[in-house]
Amino acid sequence: MYDKIKETTRFLLDIGIDKAQVGIVLGTGLGGIVNMIKIEKKIPYHDIPNFPVSTVSGHSGTLIYGELSGKKVVAMQGRFHYYEGWEMSEVTFPIRVMKFLGIETLIVSNACGGVNPDFKVGDVMIIRDHINMMPEHPLRGENEDRFGPRFVDMHEPYSLKMIELMKKIAAEKGIEVQEGVYLALQGPTFETPAEYRMVKLVGADAVGMSTVPEVIVAKHMNMECFGLSVITDLGIEGKVEEVSHEAVQIAAKSSEKKISTLVEDFIEKLKLRK
Ligand code: HPA
């Protein structure tokens with residue numbers, strides 16, 4: 001595993017991805033952020049040694065390197081989901097590579113179902129915390145000490161400093177943002193009404209099928225994380241709506257502009273660790 005990550009990192013460094021500062025994982029329908037990047041390199045996953053190749057429609061599978069708001073970013077256009085059949089080590093492989101490229105700051109995004117009755121479809125939610133209810137843990141097994149410690153501190157999974165910055169930017173721009181807890185389930189089924197109820201009862205505001213393994217691995221490697229969710233459908237008790245992948249993509253797309261505006265300013269104002 002360590003050697004594979006080194007090999008992939010070497011490949012990317014050799015083709016000129018050698019000044020990366022911020023990693024971005026673009027979730028369903030949030031690909032619009034790519035249009036704001038001054039692209040220097042665009043590499044299909046299948047051309048990157050050891051990279052898995054994603055299969056779900058709407059996840060195109062390209063690694064982008066370039067400048068966004070004055071910072072060098074590596075963006076994953078398309079992520080790997082556990083429900084696709086990837087091992088957790090594959091789902092999180094690119095995050096480890098990002099860290100080895102020198103990235104200390106990770107921004108993740110996703111589409112998810114809202115269970116907080118104050119939420120509306122199209123809302124943007126800052127992820128304040130998460131609950132991991134996936135059936136497998138990305139750090140299970142022998143610990144690789146060169147990545148991080150056996151027992152990982154998770155007292156601040158999402159950087160409070162970054163959350164405050166985003167809230168300030170949203171307020172300045174007059175864009176409404178929600179804040180909440182994201183709960184990860186395996187999928188690929190959307191939740192039953194009883195499952196949405198469970199999600200709410202255990203203390204979450206939204207539910208989805210990604211992000212948490214990536215953030216766990218990023219924390220293992222001592223990265224600072226920030227996450228944004230688009231609420232694409234609602235699982236509110238008594239009025240759980242029908243949901244489809246297409247509807248999720250359309251709803252995510254409708255919030256793309258709002259998110260792009262926020263992220264552009266956010267990256268510009270972000271104070272990096274180094
Ligand atoms: N549940 C899980 N994942 C999702 C949902 C949902 O309701 N909406 C978009 N992704």
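Shown above is the structure to which this text applies.
Because the structure is a prediction, the values reported are computed rather than measured.

Draft legend 1. Spatial organisation of helix H3 (residues 93-100). Of all eight residues that make up H3, seven are buried, and the element is covered over most of its length. Within H3, the full set of buried residues consists of Phe-93, Pro-94, Ile-95, Arg-96, Val-97, Met-98 and Lys-99. Those residues of H3 hidden inside the fold are in contact with helix H1 (2-14), strand S1 (22-26), strand S4 (71-77), helix H2 (88-91), strand S5 (105-114) and helix H6 (212-220). Directly after H3, the chain includes Gly-102, whose backbone phi takes a positive value near 105 degrees.

Draft legend 2. Here's a closer look at the site of the ligand. Near the ligand, the surroundings consist of Ala-111, Cys-112, Gly-113, Phe-190, Glu-191, Tyr-196, Val-207, Gly-208, Met-209, Thr-232, Asp-233 and Val-248. Ala-111 places a polar main-chain atom, nitrogen or oxygen, 3.2 Å from a nitrogen atom of the ligand. At a separation of 3.5 Å, a nitrogen atom of the ligand approaches a polar side-chain atom of Thr-232. Protein burial of the ligand: of its 260 Å² of free accessible surface, 95% is covered by the chains. Of all elements in the fold, only S5, strand S8 (206-208) and strand S9 (224-234) reach the threshold of two or more residues within the shell around the ligand. The element that contributes the greatest number of residues to the shell around the ligand is S5, accounting for three residues.

Draft legend 3. The arrangement of the nonpolar core in detail. One finds Ile-24, Val-74, Leu-106, Phe-226 and Phe-266 to be the most contacted residues of the largest nonpolar core, which totals 79 residues. Discounting residues that sit within four places of it in the chain, Val-74 has contacts with Ile-17, Ala-20, Val-22, Gly-23, Ile-24, Leu-63, Ile-64, Tyr-65, Met-98, Leu-101 and Ile-103. One finds Ala-111, Val-181, Leu-185 and Val-207 within the second-largest nonpolar core, a separate group that totals 11 residues.

Draft legend 4. Focus on the pairing of strand S6 (residues 124-132). Of the strand pairs in this sheet, S6 and S9 are connected by three bridges, and their pairing is antiparallel. Across the sheet, residue Val-124 finds its bridge partner in S9, namely Val-230. Of the pairings in the sheet, the one linking S6 to strand S7 (residues 178-184) comprises seven bridges and is parallel in character. The residue bridging Asn-132 from the neighbouring strand is Ala-184, located in S7.

Draft legend 5. Up close: the packing of aromatic side chains. A full pass over the atoms with the stated rule returns nine aromatic pairs. For the ring pair Tyr-45 and Phe-51, a centre distance of 5.0 Å and an interplane angle of 50 degrees mean the geometry is tilted. In terms of burial, Tyr-45 and Phe-51 fall into one category: buried. Ring centres of Tyr-45 and Phe-80 lie 5.3 Å apart, and the angle between their planes is 40 degrees; on these two criteria the pair is classed as tilted. Note that Tyr-45 is positioned in the loop between strand S2 (38-44) and strand S3 (62-68) and Phe-80 in the loop between S4 and H2, a separation of 35 residues in sequence. A relative accessible area of 1% places Tyr-45 in the buried class. One aromatic cluster in this structure is built from Tyr-45, Phe-51, Phe-80, Trp-86 and Phe-93. Over the aromatic face of Tyr-2 sits the side chain of Arg-146, whose NZ or CZ is 3.7 Å from the ring centroid.

Draft legend 6. Spotlight on the packing of H1 against H3. Contact pair H1 / H3: the axes reach a minimum separation of 9 Å and the direction vectors enclose 60 degrees. In this view, H1 runs oblique relative to H3, as classed from their interaxial angle. For the crossing formed where H1 meets H3, the hand is right-handed. Contacts between H1 and H3 involve Tyr-2, Lys-4, Ile-5, Lys-6, Thr-8, Thr-9 and Leu-12 from the first element and Phe-93, Arg-96, Val-97 and Phe-100 from the second.

Here is what the cut-offs are and how they apply
- Residues numbered from 1 in each chain as written.
- Predicted model: local features only at pLDDT ≥ 70, side-chain atom pairs only at ≥ 80, totals over all residues.
- Heavy atoms only, no water.
- Buried < 20%, exposed > 50% of the residue type's maximum accessible area, 1.4 Å probe, protein only.
- Helix = DSSP H or I, 4+ residues; strand = E, 2+ residues; numbered from the N terminus.
- Contact = heavy atoms within 4.5 Å.
- Near = heavy atom within 4 Å.
- Polar contact = N/O pair within 3.5 Å; in protein donor to acceptor, adjacent residues only side chain to side chain.
- Areas by Shrake-Rupley, 256 points an atom, 1.4 Å probe, with all protein chains shown as cover.
- Core = buried A, V, L, I, M, F, W, Y, C linked by side-chain atoms within 4.5 Å.
- Pairing = 2+ DSSP bridges.
- Phe/Tyr/Trp six-rings, centres within 6.5 Å; stacked < 30°, edge-to-face > 60°.
- Lys NZ or Arg CZ within 6 Å of the ring centre and 35° of its normal.
- Axes fitted to C-alpha atoms, helices over the stretch in contact; angles between N-to-C directions.
- Parallel < 35°, antiparallel > 145°, perpendicular 65-115°, else oblique.
- Left-handed = near helix turned anticlockwise from the far one by under 90°.

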